[in-house]
Amino acid sequence: MNMSQNITDKKPDKLEKDKNNFIAAKTIPASFIVIVAAVLWQLEPPQGLELTAYHTAIVFIGTIAAIVANVLPTGAVAVIGLAVYAVLRPGGEASAKVAITSSLSHFDNSLIWLIIVAFMIARAFSKTGLGRRIALLLLSKFGQSSLRVAYCLGIADFLIAPATPSNTARSAIVSPIADSLAKTINKSDTRLGKYFISSVSAMNDASAIGFQTGFAGNLALVGIASAVAGVTLTFADWAFYLLLPALVILLVVPFVLYKVISPETKKTPEAPEFARKELGKMGAISLAEWKLVGVFVGLIVMWVGGKTFGLHSTTSAFVGLSALLVMGVLSWNDIKSEKGAWDTLIWFAVLMGMASKLKTLGFTGWVADIVSAALSGGLEGASSTMFLVAMMSFYLFTAYFFASGTAKVVALGPVIIGALMTLGVSPLVAVLAVAGITNLGCNLSTYSHARNPLLIGYGYHTDSEWMKYGLVISVVGAVLFMTVGILWWSVLGLM
């Protein structure tokens, strides 16, 4: 009785301690960010930087720092950042109305709405089961070895990527199949599960490189490219320049992981049988799936031939979503419950608005000049290609400091692109390089992408193992991407 009473008495103390630790983990970094920002606000801006650019940068960097520190959910931090901007008017706005209007200026950004609508279209792949069916069909035909299974899962990710701007959503479709296969084929071979899940993660980013609509950060970069470099990239342009290096990554990285992780199970005759059984449970392809196939094909046609049809890519996305609603594949409740899309709208619009303001006020160019001068001093006399490789090497590892690839490209993309242009790199090549390296950095750490905790949650990796294999994926992928990319872009006359 006394022992039970003692245990019971300790529980509230532990809960209270955990609560206090949680509060400290949030309030300490938040307080530090506010104090540092307040001190910096009182100082004179650095030479060559206007006061409005300096103050706007403080608000923007403070917002990014709060997101990285996970003080609150990203959307909540963005709302606070918007309120701070509207109250303090760091950009020199003449009135309160102008300040709030400026803060909300990117909520009507067509590229952001393309991301939102694509999120909703992606929901149809999980609702109808079409994404899962595609992966199972591939496995039923070609999954006779663990290496082939990895390729089948990767190809499935590539096939649904054009209409799925959420890497996490694609992982949620493909990774359960990988987990089930690992347990079905040989539950005692933990390296088999490690291999399948690591390969799923690697291919998730490779597919995002290949398609403009495969990752929300890609569409952010399209907007940055237009504003900073004067580069316009359509869906077809993106695929033309980037799909080849992405396919090389698809071809090589699963094999590299196969050698590095070395699963004990090489032959997997159980995989096709498993896939056939699962397909049998799913039954014949449903009418909803056929409707989604039709809309999906139509979307690709509209995105590729947008100029011919006189359709903006966002208009095409709305047409596709409208078709899914009219045909009953998606309901309005599906749209309302797509929390990821609405969350993205809030924080993306706020951060893109601030980033755009920094470009207008000259902060982005000022930082780009400093970075390019430092790099020029360290690599005096180097070619523009060498500068490109050096800058991308640096940019890859900045993923350790961000919990979101999209937040990373919004914060650093304009600076990196601007610096590369100053160093003589073609504006288009600078944008294409940033596109690839942004995605490849998402595997480096356990926190560098929202998808990673989902994949680690299957229990095959420790945190240190994830980061070890993530380093292999990211470095090998970056070397392949830059090598193939530079060669391909040279052939096209871009270098």
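Residues numbered from 1 in each chain as written. Predicted model: local features only at pLDDT ≥ 70, side-chain atom pairs only at ≥ 80, totals over all residues. Heavy atoms only, no water.

1. Quick word on the overall build of the protein chain
Right, on to step 1. Helix and strand content of the protein chain: 23 helices and 0 strands.
Right, on to step 2. For the protein chain, the C-alpha radius of gyration of 24 Å lies close to 23 Å, the compact-globule estimate for 495 residues.
Right, on to step 3. Based on the C-alpha atoms only, the size of the protein chain along its principal axes is roughly 80 × 70 × 50 Å.
Right, on to step 4. Burial status across the protein chain gives 52% buried among its 495 residues.
Right, on to step 5. In the protein chain, 34 side chains carry a positive charge and 25 a negative one; their mean positions are 7 Å apart. (Helix = DSSP H or I, 4+ residues; strand = E, 2+ residues; numbered from the N terminus. Rg over C-alpha atoms; globule rule 2.2 N^0.38 Å. Buried < 20%, exposed > 50% of the residue type's maximum accessible area, 1.4 Å probe, protein only. Lys, Arg positive; Asp, Glu negative; His and termini not counted. Charge placed at Lys NZ, Arg CZ, Asp CG, Glu CD.)

2. A look at the environment of Leu-243
Right, on to step 1. Topologically, Leu-243 is positioned in helix α11 (residues 235-261).
Right, on to step 2. When the C-alpha atoms of Leu-243 and Gly-485 are compared, they prove to be 9.7 Å apart, with 242 residues separating the residues in sequence.
Right, on to step 3. Setting aside residues no more than four positions away along its own chain, Leu-243 makes contact with Phe-158, Gly-210, Phe-211 and Trp-238. (Contact = heavy atoms within 4.5 Å.)

3. Focus on the packing of aromatic side chains
Right, on to step 1. Throughout the structure, instances matching the rule amount to 14 aromatic pairs.
Right, on to step 2. Ring centres of Phe-211 and Phe-235 lie 6.5 Å apart, and the angle between their planes is 25°; this geometry places the pair in the stacked category. With Phe-211 in the loop between α9 (190-210) and α10 (216-229) and Phe-235 in helix α11, this pair connects stretches of sequence that are 24 residues apart. The burial state of Phe-211 is the same as that of Phe-235; both residues are buried.
Right, on to step 3. Members of the aromatic cluster, each reached through a chain of ring pairs, are Phe-158, Phe-211, Phe-235 and Trp-303.
Right, on to step 4. The ring centre of Tyr-258 lies 4.9 Å from the NZ or CZ of Lys-266, which sits over that ring.
Right, on to step 5. Positioned above the aromatic ring of Tyr-395, the side-chain terminus of Lys-408 is 4.2 Å from the ring centre. (Phe/Tyr/Trp six-rings, centres within 6.5 Å; stacked < 30°, edge-to-face > 60°. Lys NZ or Arg CZ within 6 Å of the ring centre and 35° of its normal.)

4. Some remarks on the pattern of salt bridges
Right, on to step 1. Within the structure shown, the criterion is met by 13 salt bridges.
Right, on to step 2. Arg-451 serves as the salt-bridge partner of Asp-205, at 2.8 Å between the closest nitrogen and oxygen. Here the residue Asp-205 occupies a position in helix α9, and Arg-451 occupies one in helix α22 (residues 451-456), the gap between them amounting to 246 residues. You'll find Asp-205 and Arg-451 in the same group, each marked buried.
Right, on to step 3. A single network of salt bridges, built from pairs that share partners, joins Arg-123, Lys-127, Asp-334 and Glu-338. (Salt bridge = Lys/Arg side-chain N within 4 Å of Asp/Glu carboxyl O.)

5. Notes on the side chain of Thr-446
Right, on to step 1. With respect to the helices, strands and loops of the structure, Thr-446 is situated in the loop between α21 (427-440) and α22.
Right, on to step 2. Apart from the residues within four sequence positions on either side, Thr-446 is in contact with Asn-452, Pro-453, Ile-456, Asp-463, Trp-466 and Met-467.

6. Some details on the environment of Tyr-395
Right, on to step 1. Inspection of the secondary structure assignment puts Tyr-395 in helix α19 (residues 384-397).
Right, on to step 2. The exposure class of Tyr-395 is buried, given its relative accessible area of 0%.
Right, on to step 3. Residues Tyr-395 and Phe-60, spaced 335 residues apart in sequence, show a C-alpha to C-alpha distance of 19 Å.
Right, on to step 4. With near-sequence residues (within four places) excluded, Tyr-395 lies in contact with Lys-408, Val-409, Leu-412, Ile-416, Val-434, Ile-437 and Thr-438.
Right, on to step 5. Polar contacts involving the side chain of Tyr-395 include one to the side chain of Thr-438, which spans 2.7 Å. (Polar contact = N/O pair within 3.5 Å; in protein donor to acceptor, adjacent residues only side chain to side chain.)

7. Notes on a nonpolar patch on the surface
Right, on to step 1. Together, Phe-32, Ile-35, Val-36, Val-39, Leu-40 and Leu-43 make up an exposed nonpolar region whose accessible area comes to about 540 Å².
Right, on to step 2. Along the chain, Leu-43 turns up in the loop between α1 (2-42) and α2 (51-68).
Right, on to step 3. According to the relative accessible area criterion, Leu-43 is partly exposed, its value standing at 45%. (Patch = residues over 30% accessible without salt bridge, like charges linked within 9 Å, V, L, I, M, F, W, Y side chains within 5 Å. Areas by Shrake-Rupley, 256 points an atom, 1.4 Å probe, with all protein chains shown as cover.)

8. Regarding helix α7 (residues 146-160)
Right, on to step 1. The terminal C-alpha atoms of α7 lie 22 Å apart, and with 15 residues this matches the ideal 21 Å at 1.5 Å per residue to within 8%.
Right, on to step 2. Taking burial as the measure, the 15 residues of α7 include 11 buried ones, the bulk of the element.
Right, on to step 3. Along α7, the residues classified as buried are Ser-146, Leu-147, Val-149, Ala-150, Cys-152, Leu-153, Gly-154, Ala-156, Asp-157, Phe-158 and Ile-160. (Expected span 1.5 Å × (residues − 1).)

9. As for the packing of α19 against helix α20 (residues 405-422)
Right, on to step 1. Two numbers describe how α19 lies on α20: the axes approach to 11 Å, and their chain directions differ by 165°. On the basis of the axis angle, α19 is roughly antiparallel to α20. Handedness of the crossing formed by α19 with α20: right-handed. From α19, Phe-387, Leu-388, Met-391, Met-392, Phe-394, Tyr-395 and Leu-396 reach across to α20, where they touch Lys-408, Val-409, Leu-412, Ile-416, Ala-419 and Leu-420. (Axes fitted to C-alpha atoms, helices over the stretch in contact; angles between N-to-C directions. Parallel < 35°, antiparallel > 145°, perpendicular 65-115°, else oblique. Left-handed = near helix turned anticlockwise from the far one by under 90°.)

10. Looking at the environment of Ser-490
Right, on to step 1. Mapped onto the elements, Ser-490 comes out in helix α23 (residues 463-491).
Right, on to step 2. Separated by 2.6 Å, the side chain of Ser-490 and the backbone oxygen of Ile-486 make a polar contact.

11. Let's talk about unusual backbone geometry
The phi torsion of most residues other than glycine is negative, and most of the peptide bonds are trans.
Right, on to step 1. With phi around 55°, Asn-70 is a residue other than glycine that occupies positive phi space.
Right, on to step 2. With respect to the element layout, Asn-70 can be found in the loop between α2 and α3 (74-88).
Right, on to step 3. Not every positive phi belongs to a glycine, and Arg-89 is a case in point at roughly 50°.
Right, on to step 4. Checked against the element boundaries, Arg-89 lands in the loop between α3 and α4 (96-103).

12. Structural notes on the side chain of Lys-194
Right, on to step 1. When you line up the elements, Lys-194 lands in helix α9.
Right, on to step 2. Take Lys-194: its relative accessible area is 9%, and that puts it in the buried class.
Right, on to step 3. A polar contact of 3.2 Å, which involves the side chain of Lys-194, links it to the backbone oxygen of Tyr-460.
Right, on to step 4. Sequence-distant contacts of Lys-194, defined by excluding residues within four places in its chain, comprise Ile-261, Tyr-460, His-461, Glu-465 and Tyr-469.

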